[in-house]
Amino acid sequence: MTGLERIRAIDTHVHIQVDDSGRFGASPEQREAMDRYFGSSEPVRTVDETAQYYRERDMMAVVFTVDATTNSGHAPNSIDDIAAGAARNADTLIAFGSVDPLQGNAAIDELRRQASELGVRGFKFHPTVQGFDPSDERFIPLFGAIEELGLPIVVHTGQTGVGAGVPGGLGLRLSLSNPMLLDDVAARHPGLSIIMAHPSVPWQDEAISIATHKANVWIDLSGWSPKYFSPALVRATRTYLKHKMLFGSDFPALTPDRWLRDFAGLELPEEVERLVLKENAVRLLGLDEAVPA
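Residues numbered from 1 in each chain as written. Predicted model: local features only at pLDDT ≥ 70, side-chain atom pairs only at ≥ 80, totals over all residues. Heavy atoms only, no water.

**Q** Give me the nonpolar core: which residues, what numbers.
**A** By size, the foremost hydrophobic cluster in this structure holds 63 residues, and its most contacted members are F125, I153, I194 and W259. In this structure, I7, I10, V62 and I94 belong to the second largest nonpolar core, which totals 18 residues. (Core = buried A, V, L, I, M, F, W, Y, C linked by side-chain atoms within 4.5 Å. Buried < 20%, exposed > 50% of the residue type's maximum accessible area, 1.4 Å probe, protein only.)

**Q** Please set out the packing of aromatic side chains residue by residue, giving values where relevant.
**A** Here the structure, examined in full by the defined rule, presents eight aromatic pairs. Seen from their ring centres, F132 and F139 are 5.1 Å apart, and the 75° between their planes marks the pair as edge-to-face. Look at F132 and you get buried, because its relative accessible area is 1%. Members of the aromatic cluster, joined through ring pairs, are F125, F132, F139 and F143. For R57, the ring lying beneath its charged end belongs to Y53, and the centroid distance is 3.6 Å. (Phe/Tyr/Trp six-rings, centres within 6.5 Å; stacked < 30°, edge-to-face > 60°. Lys NZ or Arg CZ within 6 Å of the ring centre and 35° of its normal.)

**Q** Provide a residue-level description of empty space enclosed by the protein, including the pertinent values.
**A** The final tally for this structure, using the stated rule, is one cavity of 30 Å³ or more. The volume enclosed by the largest cavity comes to roughly 50 Å³. The wall of the largest cavity is formed by H15, I16, Q17, P43, V44, R45, T50, F251 and P252. (1 Å grid on protein atoms, 1.4 Å probe; cavity = no way out; pocket = protein on both sides within 12 Å on 5 of 7 lines; lining within 4 Å. Points joined across faces, edges and corners; volume = space filled by probe spheres on them.)

**Q** Tell me about helix α10 (residues 231-238), residues and numbers included.
**A** Among the residues of α10, A232, L233, V234, A236 and T237 are the ones counted as buried. Summarising the contacts, the buried residues of α10 are in contact with α9 (204-213), β8 (245-246) and α12 (270-285). (Helix = DSSP H or I, 4+ residues; strand = E, 2+ residues; numbered from the N terminus. Contact = heavy atoms within 4.5 Å.)

**Q** Can you break down α12 residue by residue, with the values?
**A** Across its 16 residues, α12 extends 22 Å between first and last C-alpha, which sits within 8% of the 22 Å expected from 1.5 Å per residue. Remark: the principal bend of α12, roughly 50°, maps to V276. Taken together, the buried positions of α12 are V272, L275, V276, L277, K278, N280, A281, V282, L284 and L285. With its phi angle positive at about 60°, G286 sits one or two positions after the end of α12. (Expected span 1.5 Å × (residues − 1). Bend = angle between axes of the 7 residues up to and from the residue.)

**Q** Quick one: what's the story with unusual backbone geometry, residue by residue and with numbers?
**A** Peptide bonds are, in most cases, trans, and in most cases residues other than glycine have a negative phi. The amide bond that connects V201 to the next residue, P202, takes the cis arrangement and shows omega of 10°. Mapped onto the elements of the fold, P202 is located in the loop between β6 (194-197) and α9. Here the residue pair F251 and P252 is connected by a cis peptide bond, since its omega of 10° sits within 30 degrees of zero. Turning to its location among the elements, P252 is positioned in the loop between β8 and α11 (256-264). For L170, which is not glycine, the phi torsion reads 60° and is therefore positive. Relative to the helices and strands, L170 is located in the loop between β5 (153-156) and α8 (180-188).

**Q** Which residues make up the pairing of strand β2 (residues 59-64), and what values go with them?
**A** Within β2, six of the six residues are buried, which leaves the element mostly enclosed by the surrounding structure. What you see with β2 is no split at all: M59, A61 and V63 on one side and M60, V62 and F64 on the other are buried throughout. Two elements, strand β1 (residues 9-15) and β2, share five bridges in a ladder whose sense is parallel. The partner of A9 across the bridge, within β2, is M59. (Pairing = 2+ DSSP bridges.)

Honestly, it's all geometry; don't read function into it.
What follows is the structure, given as structure tokens:
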């Protein structure tokens, strides 16, 4: 059995919260707000522990952290550790990198380092947490550099648990995660594959429209139980966007077990389930020849 044949699903949205030195990717205030928002009781896992968790389930996982140093004042957990851990567990993990967009040319140098030296397979952005407008023309060089590398990006859209329920939301602006801002990015960079992360509450129709219009835009379905998906999102997944939807859990906020159980409850055609759970990710990430047996 080949490496991919043994895999039953690919979770395209998994956070690594802590590195090998014990450093957390989010500040204590951010973690406290997220724990309240999601009500998650999952323990904090290292890269290797995350790999074992997914290996036991015959799944692969795209893993990452978020570098929001400038906006949050908190440096992320080590991206080098995540990439090294993914390399140790290449049968199960795929590492995405992250750079701080507000660091200008230094961010471009860093993303090139992560691609060439660490071997990351894409990049993760969170406009609300990182405090940047992805449609701003000053970020054209940043996205252009990733486009040149031929790597995809996954970008948070919609509301977030970071800062939720706190006065002022820790100063974080939800408007920066309106998916319409990514329409500009997709138009300027047609060779850049963009994954809009999560059902984009409260802008779900906008996200569906962008994914329908732009061939280089995808949607990952992470962060929400499928039983709460809007009728429009379910319809798009079932029919005209079935080749552009990706399974994602947002683990550890939501477990893949819970997500898959609730996804089965949508009673989608078997072909659609195969596409969403695995085949679309294989195609987007170019995994056909990349997964060891």
